[in-house]
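Remarks on the overall topology
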Amino acid sequence: MNEEATEKLDPAPDESHRVTTTGDIEVSTYLEIAKKIGGAQPAPAKETMPVVERESIVVIDFGSQYSMLITRRIRECQVYCEMVSPETPWGKISSLNPKGFILSGGPASVYEAGAPLAPAYVYESHLPVLGICYGMQVITKQLGGRVTPGTKREYGHAVLHLSEVDSPLFVDLPASTPVWMSHGDQIEQMPPGFSALAYTENSPLAVIGSDGPIFGLQFHPEVAHTPEGKKILRNFVYRVCGCKGNWTMGNFIAESLASIKKAVGGGKVINALSGGVDSSVVATLIQRAVGDQLTCIFVNNGLLRREEVERTFNVFRLNLGMNIILVDASDRFLKRLEGVTDPETKRKAIGEEFIHVFEEEAQKIGKVDFLAQGTLYPDVIESASSSTSAPAKIKTHHNVGGLPARMTLKLLEPLRHLFKDEVRQVGLQLGLPEEMVWRQPFPGPGLAIRIIGEVTEEKLEILRSADWIVMNEIKKAKLYRQLWQSFAVLTDVKSVGVMGDFRTYGYLLAIRAVTSEDAMTADWARLPYDLLARISNRIVNEVPGVNRVVYDITSKPPATIEWE
């Protein structure tokens, strides 16, 4: 086994009702809007953005826990990259205009029966190939070499020594450099035409290469523990594959606007607006492309934070001039949650009620053709599997999860292939205010999953007040942008306290703050003690019903970011 096996992914969705977006169109900025609502002013965009030919690096995913990280690293080099399963047909790959392939690591051993291998087109295309860990062993097996179980497992830090310094992979690299290993198998015999390019103490064939050009790395260049890894990947995409580096958010905007306009035509689009960066960027892109053909529906489910309804409505309707319908369904959602304490039941109840409200409002609009959603690339990856024909499993926290099938709408998902940081870059280039772009993620079920136990109006008011204090102090400390999320959780635990010489019996409230790049993993934030003291002091003095505050110091994994 080359790496620890990871949890199997859910089946891939049926693509027949889905529209992704790429193309070119006129682009302007919202500088005046940013001034109105106090957001920082982004750099002006060009009036027109011509389409640039798409080029890509394709990652064949063999189940490595680092596969998505490879994709991120390549995109950081301004080269578009997609991760696909080994079963993906050439027809889909060719549409990406690939300039090279990367074969990921994985938990299998290539000499075992049924071990996944690279599709034939990887080699028949005569494009450059880079195999990483298991991917290197796949190349070895398929091209005539031999892989055997290693006598000594190599995991963790190692030092790579270059034996062929003239390789294009090693340009600007030192003769020796730290790398991160994670493998138990070894290459006993290289394929014909390959030569050894570098070694470590335990791996005489740590890097191999041929004039193909095909290369194999036994270590992981995509992880932070390989400090020169990004440089190796950059050398591969530019010096070996000849990429031009045209994956920019400006080009993405141009492609998306043209594609949205072409896909929608004269149809109507509805968008479930939440005020978060994903739905905000989606709404802005679609409005730029088709104007009044877009209607946004913002549902106040009574589970939002203080002033959230007013802020969102004012920004989008009054400042951005969008066609937005505001629906106050607070009573409906609270009634639906009466007596509900199980977290998953809460999520499903909220999702189902949202669908009912959304359907009712959509019917008032008339014929609607498209449903816009802020689906991101991590959502796609987490719901994918090696079986491209398997049905989709929609997470209960996804907005309007079951709506498309029931309303026969086509999904419009312009952010489907973006990571969160890329979405924020798009938002800034579109001229959206920084306050909106850098808004911390907020869960679809809202405060309901930050209240442990039954959700009541009293508990919601307690939590809103506490959360307001947390946000206020975090922003005053200028830490908001450094944190992925920071919020309060109202537990169902009560404890004895003393306030004003009187005994109290109040709620225990928890503070949660984490740092993360993409929410797939997260570390608890080391907030200053004096900041935590101010937050605690304000909450117990200003929020009736709370007499004890604790700080959650658990990372993800083993915990999740949200408590429910």
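Structure: above.
As the structure is a prediction and not an experimental result, all values here were calculated from the model.

**Some points on the overall build of the chain**
Looking only at helices and strands, the chain features 17 helices and 19 strands. For the chain, the proportion of its 564 residues judged to be buried stands at 57%. At a minimum sequence separation of 6, the contacts of the chain that also span at least 24 residues come to 77%. In the structure as shown, the chain presents an accessible area of about 24100 Å², 52% of it carried by carbon and sulfur atoms.

**Remarks on the nonpolar core**
Within the largest apolar cluster, 118 residues are counted, with the highest numbers of intra-cluster contacts made by Leu103, Leu527 and Ile539. Each residue touching Ile539, except ones within four places of it in the same chain, is listed here: Ala466, Ile469, Val470, Leu509, Ile511, Val546 and Val549. Ranked by size, the runner-up nonpolar core spans 39 residues in total, among them Val59, Met83, Phe215 and Tyr377.

**Some thoughts on the environment of Asn301**
With respect to the helices, strands and loops of the structure, Asn301 is situated in the loop between β12 (294-300) and α9 (308-319). Owing to a relative accessible area of 7%, Asn301 belongs among the buried residues under this scheme. Along the backbone, Asn301 and Asp331 are 30 residues apart, and their C-alpha atoms lie at a distance of 7.8 Å. At 2.8 Å, the side chain of Asn301 and the backbone nitrogen of Leu303 are in polar contact.

**Some remarks on the environment of Gly431**
For Gly431, the position within the fold is in the loop between α14 (420-429) and α15 (434-437). For Gly431, a relative accessible area of 0% gives the class buried. Taking the C-alpha atoms as reference points, Gly431 and Thr284, 147 residues apart in sequence, are found 9.6 Å from one another.

**Comments concerning the side chain of Glu361**
On the secondary structure map, Glu361 appears in helix α11 (residues 343-365). Apart from residues lying up to four places away in sequence, Glu361 is in contact with Ile297, Ile325 and Val327.

**Brief notes about the pattern of salt bridges**
Following the criterion strictly, the structure yields 29 salt bridges and no others. In this structure, Arg481 and Glu434 form a salt bridge, with 3.2 Å as the shortest nitrogen-oxygen distance. You can see Arg481 sitting in the loop between α16 (457-476) and β16 (485-499) and its partner Glu434 sitting in helix α15, a full 47 residues away along the chain. Using a relative accessible area of 28% as the deciding quantity, one classes Glu434 as partly exposed.

**Brief notes about unusual backbone geometry**
Cis geometry marks the peptide bond from Lys556 to Pro557; its omega dihedral reads -15°. Structurally, the position occupied by Pro557 is in the segment after β19 (546-551). Residue Pro557 is joined to Pro558 through a cis peptide bond whose omega torsion reads 15°. Along the chain, Pro558 falls in the segment after β19. Positive phi, close to 65°, is recorded for Gln78, a residue that is not glycine. Take Gln78: it is sitting in the loop between α2 (67-76) and β3 (80-84).

**Structural notes on helix α17 (residues 529-542)**
In this model α17 runs 20 Å from its N-terminal to its C-terminal C-alpha over 14 residues, within 8% of the 20 Å that 1.5 Å per residue would give. Looking only at α17, the buried set comprises Leu531, Leu532, Ile535, Arg538, Ile539 and Val540. Those residues of α17 hidden inside the fold are in contact with α16, β16, β17 (502-515) and β19.

Procedures and definitions
- Think of each chain on its own: its residues are numbered from 1, step by step along the sequence as written.
- Given that this is a predicted model, residues contribute local features only at a pLDDT of at least 70 and side-chain atom pairs are listed and counted only at 80 or more, while totals for whole chains, interfaces and linings are drawn from all residues.
- As a rule here, side-chain values cover all heavy atoms of the structure and leave hydrogens and water aside.
- Only DSSP runs of H or I covering at least 4 residues are called helices, and only runs of E covering at least 2 are called strands; the numbering of each starts at the N terminus.
- Residue burial is assigned from relative accessible area. The probe radius is 1.4 Å, only protein chains are included, and a residue is buried under 20% of its type maximum, exposed over 50%, and partly exposed in between.
- Note on definitions: a residue-residue contact is assigned when non-hydrogen atoms from the two residues lie within 4.5 Å.
- Surface accessibility follows the Shrake-Rupley procedure with a 1.4 Å probe radius. Residue values consider only the protein chains on display as shielding.
- What we call a nonpolar core is a set of buried Ala, Val, Leu, Ile, Met, Phe, Trp, Tyr and Cys residues that are connected through their side-chain atoms within 4.5 Å.
- N or O atoms closer than or at 3.5 Å make up a polar contact, with two conditions inside protein: a donor-capable atom paired with an acceptor-capable one, and, for residues adjacent in sequence, both atoms drawn from side chains.
- One side-chain nitrogen of Lys or Arg within 4 Å of one carboxyl oxygen of Asp or Glu is enough to make a salt bridge.
- For a helix, the expected span equals 1.5 Å multiplied by the number of residues minus one.

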